[in-house]
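The residues making up each chain are set out below.
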Amino acid sequence: EADIYQTPRYLVIGTGKKITLECSQTMGHDKMYWYQQDPGMELHLIHYSYGVNSTEKGDLSSESTVSRIRTEHFPLTLESARPSHTSQYLCASNDGGGKLFFGSGTQLSVL
Amino acid sequence: SQKIEQNSEALNIQEGKTATLTCNYTNYSPAYLQWYRQDPGRGPVFLLLIRENEKEKRKERLKVTFDTTLKQSLFHITASQPADSATYLCALEPGGFKTIFGAGTRLFVKA
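Here's what I pulled together on the structure shown here. Values in this document were obtained by computation on a predicted structure and should not be read as measured data.

### Some points on the overall build of chain B
And then number 1: Broken down by element type, chain B carries zero helices and eleven strands.
And then number 2: In sequence order, chain B lays out its α and β elements as β-β-β-β-β-β-β-β-β-β-β.
And then number 3: Its C-alpha atoms give chain B a radius of gyration of 13 Å, within 12% of the compact-globule value 13 Å for 111 residues.
And then number 4: Across its three principal axes, chain B shows a C-alpha extent of roughly 40 × 30 × 20 Å.

Printed below as a string of structure tokens:
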């Protein structure tokens, strides 16, 4: 059973708002990831982290930013949301052997 | 660039039959390859990992093969059930624990 949690599950906001998507894991995993996925489409890696104070941009350019101050916490922030940011955001952690555990995702809708 | 190709056409099979899904990759030699299951609106769930020195791996009704010469993995579900209906994703690491995913193949199992 994966112990990785994302909140909120659904978020509807207006253009220009600042938002933070939360992701926490209790497994002590060093490596964590954020993926973006549109309906019926593939997962795109937008950010990843090797551990505390480590953050890297993924293959898909994103206007979001991330931070990793604590091992268990990897939040994603959008300073000014736009309709083009509407998507599902999935957080994951790596057990060190390659296996990824995913949260349930945040479905973001920007009006 | 690295590329993972999965059959974009949905696979429809009858209950009890064996489902076979294909994953092809290019421009990379991964140390291992993974398969995940994803249900609508949820995060992917890990199923199997197969290493480059393993030709085949089994878990209950699931079987994965890995041909590093052909750069292909096959994923089999034997005695398929309607509950197996989902999207199945192939994934690999191009390096540095940065896991990338194929677009997935949707499987429909009819009762």
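From this point, things continue past the structure.
### Some remarks on the interface of chain A and chain B
As a measure of interface size, the accessible area lost when the parts come together is often cited.
And then number 1: Between chain A and chain B, the contact holds 22 residues from the first and 21 residues from the second.
And then number 2: When chain A packs against chain B, close to 1700 Å² is buried across both sides, 51% of that on carbon and sulfur atoms.
And then number 3: Seen at the junction of chain A and chain B, the total is one salt bridge.
And then number 4: When the shortest N-O distance is used, the salt bridge between B:Lys98 and A:Asp59 registers 3.1 Å.

### Comments concerning the sheet that holds strand β1 (residues 4-7) of chain A
Residues and elements named next belong to chain A.
And then number 1: Spatially, the four strands line up as an open sheet ordered β1-β3-β8-β7, and their pairing is antiparallel. The sheet is open, and its two edges are formed by β1 and β7 (65-66), each paired on a single side.
And then number 2: As defined by bridge partners, β7 adjoins strand β8 (residues 76-78) across two bridges and the pair is classed as antiparallel. Bridge pairing links valine 66 to leucine 76 in β8.

### Focus on the pattern of salt bridges
All names here are of chain B.
And then number 1: In the structure shown here, the tally under the stated rule is nine salt bridges over all chains.
And then number 2: Where glutamate 5 meets lysine 3, a salt bridge forms, and the shortest distance between an N and an O atom there is 3.5 Å.
And then number 3: Residue classification places glutamate 5 among the partly exposed positions, given a relative accessible area of 39%.

### What about the sheet that holds strand β1 (residues 3-6) of chain B?
Residues and elements named next belong to chain B.
And then number 1: One open sheet accounts for five strands, arranged β1-β3-β8-β7-β6; its pairing is antiparallel. Strands at the two margins of the open sheet, each flanked by one partner only, are β1 and β6 (56-59). Geometrically, the sheet is characterised by an average inter-axis angle of 15 degrees between neighbouring strands, direction not taken into account.
And then number 2: By the bridge criterion, four bridges tie β1 to strand β3 (residues 19-26) in an arrangement that is antiparallel. Bridge pairing links lysine 3 to threonine 26 in β3.

Cut-off values and rules
Residues numbered from 1 in each chain as written. Chains lettered and ligands numbered in written order. Predicted model: local features only at pLDDT ≥ 70, side-chain atom pairs only at ≥ 80, totals over all residues. Heavy atoms only, no water. Helix = DSSP H or I, 4+ residues; strand = E, 2+ residues; numbered from the N terminus. Rg over C-alpha atoms; globule rule 2.2 N^0.38 Å. Contact = heavy atoms within 4.5 Å. Buried area = accessible area lost by both parts, 1.4 Å probe. Salt bridge = Lys/Arg side-chain N within 4 Å of Asp/Glu carboxyl O. Pairing = 2+ DSSP bridges. Buried < 20%, exposed > 50% of the residue type's maximum accessible area, 1.4 Å probe, protein only. Axes fitted to C-alpha atoms, helices over the stretch in contact; angles between N-to-C directions.

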